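Analysis of the macromolecular model
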Amino acid sequence: AYILVSGDPGYDPNTPHGLIAATTDQIGGIQWYNGSYINTEATGTAIGTGLSNTNTIITSQGATATSYAAGLARAYAGGGYTDWYLPAHSLAYGALFYLISFSSIGPYFYWTSTEFDASTAYAVHPSNINIQPIPKNLNGGAISLLAIPFRSF
């Protein structure tokens, strides 16, 4: 989904590193939170903060569970890996916008790991270039919210 460039955290000119996205949406109609409107402090927005955001969300919201977006991303085991996470909002925006043209990723809103406040978190709509705070408890209806895991390599 993304190859690190000079200036990105973890960039090494001698060894390529980057991010991989799951090739399909993991579930439709998933909520961001696990039933508690609390400020999780998962506020990282830059490339490289998705994993720490996801860990923070899971610590705040409870054990890894597939009933909320961060837990679902962590439970994903694509390729035999177990270090998947929700991307931070800056990565999600760029990578999903690119991926939508080349895969089965649909033109829906995708949760990021970046929290806006205690009751909302950022979601990305890559087909119309839109990122905005969405209530954490939304999981469908007029807005279809999905999760797509990422991992670093």
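Residues numbered from 1 in each chain as written. Predicted model: local features only at pLDDT ≥ 70, side-chain atom pairs only at ≥ 80, totals over all residues. Heavy atoms only, no water.

1. Thoughts on the overall build of the chain
In terms of helices and strands, the chain carries three helices and eight strands. Put simply, the chain runs from its N terminus to its C terminus through helices and strands in the order β-β-β-α-α-α-β-β-β-β-β. Long-range pairs, those at least 24 residues apart, make up 63% of the contacts in the chain between residues at least 6 apart in sequence. As presented, the chain carries roughly 6,800 Å² of accessible surface, and 56% of it is formed by carbon and sulfur atoms. (Helix = DSSP H or I, 4+ residues; strand = E, 2+ residues; numbered from the N terminus. Contact = heavy atoms within 4.5 Å. Areas by Shrake-Rupley, 256 points an atom, 1.4 Å probe, with all protein chains shown as cover.)

2. A few points about the sheet that holds strand β2 (residues 18-21)
Whether parallel or antiparallel, the strands of a sheet pair through hydrogen bonds between backbone atoms. Here we have three strands laid out as an open sheet, ordered β1-β2-β8, and antiparallel in their pairing. Each edge of the open sheet carries a strand with a single partner, namely β1 (2-3) and β8 (150-152). Relative to β2, β1 is paired through two bridges, and the arrangement is antiparallel. Looking at the pairing, I3 lines up with G18 of β2. (Pairing = 2+ DSSP bridges.)

3. A short note on the pattern of salt bridges
For the structure on display, the rule yields two salt bridges. Residue R151 is joined to D83 by a salt bridge in which the shortest nitrogen-to-oxygen separation is 2.7 Å. With a gap of 68 residues between them, R151 in strand β8 and D83 in the loop between α2 (69-75) and α3 (89-99) connect regions that are remote in the sequence. Among the residues examined, R151 registers a relative accessible area of 8% and is labelled buried. Between K136 and E115 there is a salt bridge, and its shortest N-O distance comes to 2.4 Å. With K136 in the loop between β6 (130-135) and β7 (145-147) and E115 in strand β4 (residues 109-115), this pair connects stretches of sequence that are 21 residues apart. (Salt bridge = Lys/Arg side-chain N within 4 Å of Asp/Glu carboxyl O. Buried < 20%, exposed > 50% of the residue type's maximum accessible area, 1.4 Å probe, protein only.)

4. Points about the side chain of T120
Within the element layout of this structure, T120 appears in strand β5 (residues 120-125). Not counting chain neighbours up to four residues away, the residues in contact with T120 comprise E115, P133, I134, P135 and K136.

5. A closer look at the packing of aromatic side chains
Enumeration according to the criterion identifies three aromatic pairs in this entry. For the pair F116 and Y122, a centre-to-centre distance of 5.6 Å together with 90° between the ring planes defines the contact as edge-to-face. The exposure class assigned to F116 is partly exposed, which follows from its relative accessible area of 45%. What makes Y122 buried here is its relative accessible area of 18%. The ring centre of Y81 lies 3.6 Å from the NZ or CZ of R151, which sits over that ring. (Phe/Tyr/Trp six-rings, centres within 6.5 Å; stacked < 30°, edge-to-face > 60°. Lys NZ or Arg CZ within 6 Å of the ring centre and 35° of its normal.)

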